[in-house]
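Chain and residue survey
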Amino acid sequence: MNFSADAVCRAAAVQMTTSDDLDRNLATAERLVRRACDLGADVIVLPEKWHFIHDTEPSRAAAIDLDDDVLAVVADWARRWGVAIVAGSVIERIPGSERSFNTSLAIDREGRRVGEYRKLHLFDVAVGGREYRESDGAVAGDEVVVCEMAGVCVGLSICYDLRFPELYRAMSHRGALVATVPAAFTAETGKDHWEPLLRARAIENQMFVIAAGQVGRHANGTRSHGRSMIVDPWGTVLAQAGDAETVVLADLDLDEQQRIRESLPVLTHRRPDVLPGEST
């Protein structure tokens, strides 16, 4: 895409402590989205499962269709305040299945859904003395998704995807200038891995990264790391949240991004002839 001189996009990451109370979650999200809009945000990213967090069985019951009223509310916020919103991720119902998709949705300023991304990498791990089996209740997606939001090409990802650099390289290859990372990173892994991984993905692909996280303890007993942040293509942390529900903002200087890409042309030095994965 071509940008005018001094092109800047103001981005916001919303940090929440989502519960099993849908009304409370919607009210909190609306309050924080409205705050970001009042501060001039062009693009707002909500965290993973911002609408509902509980254990596996109630989560199945909370699965929604993509035309559900929950997402209609987000589309209304986008239209009302003229802002593009990445609706973090929601639990998407799969007709006829006991499992669901973990789905991130991009909604433009007119309230139209312009991107649907279903989490590629499911969190089946054992950390902090607890075993997580996301695949027990979820089905992995099979598509890399980039879309235009507020005039910028954005790549969509979710939480555990952050550990797979090839996904972000594929986004970059498809033209993404910004990657969004709605997350519920565990407290155990987040303290050591969250910031280094976000900065690495930004540096490797010379892209902005907007990471909106869950924070604190949830109804299912898990604790999320928080520390939502926005990182620039040089790997500099432009904004970072603390340990409470909040919103952080930063201006994404797209002209400066282009200067970085021209002066350090890493993306043009790829060797798909030797490293086949680089062609994705």
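The paragraphs below set out a description of the structure included in this document. Predicted model only: the values in this text are computed from it and were never measured. (Residues numbered from 1 in each chain as written. Predicted model: local features only at pLDDT ≥ 70, side-chain atom pairs only at ≥ 80, totals over all residues. Heavy atoms only, no water.)

Focus on the state of the cysteines
To be explicit about the condition: Our working definition of a disulfide is a cysteine sulfur pair at a distance within 2.5 Å. Buried means the residue's accessible area, taken with a 1.4 Å probe over protein chains only, is under 20% of the maximum for its type, while exposed means over 50%, and partly exposed covers the values in between.
On inspection of all chains with the given rule, the structure shows 0 disulfides. Considering cysteine sulfurs only, C147 is the nearest to C9, which forms no disulfide, with 12 Å between them. Residue C9 is classed as buried on the basis of its relative accessible area, which comes to 6%. The structure places no disulfide on C153, whose sulfur is separated from the nearest cysteine sulfur, that of C147, by 7.4 Å.

Observations concerning the sheet that holds strand β9 (residues 146-149)
Rule in force here: By the convention used here, strands pair only if DSSP detects at least 2 bridges between them. Under the DSSP-based scheme used, a helix requires at least four consecutive residues in state H or I and a strand at least two consecutive residues in state E, with every element numbered from the N terminus. Axis lines are fitted through C-alpha atoms, for helices just across the contact stretch, and the angle between N-to-C directions can take any value from 0 to 180 degrees. What makes two residues a contact is simply this: any of their non-hydrogen atoms within 4.5 Å.
If you walk across this open sheet you meet the 6 strands as β9-β10-β11-β12-β15-β16, and the pairing is mixed. What marks the edges here is a single partner per strand, and that holds for β9 and β16 (237-240). Mean inter-strand twist for the sheet, computed between neighbouring axes without regard to direction, equals 20°. As judged from the 6 bridges shared by strand β11 (residues 178-183) and strand β12 (residues 208-213), these two strands associate in the parallel manner. Directly across from A183, in β12, lies its bridge partner G213. Relative to β11, helix α4 (residues 165-173) is tilted by about 145°, and along the sheet it contacts β9, β10 (152-156) and β11.

What about the pairing of β9?
Of the two faces of β9, only the one carrying C147 and M149 is buried; V146 and E148 on the other face are not. With 4 bridges joining them, β9 and β10 adopt antiparallel strand pairing. When the bridges of β10 are listed, V146 appears paired with G155. Between the end of β9 and the start of β10, which pair antiparallel, lie 2 residues, with A150 showing a positive phi angle near 50°.

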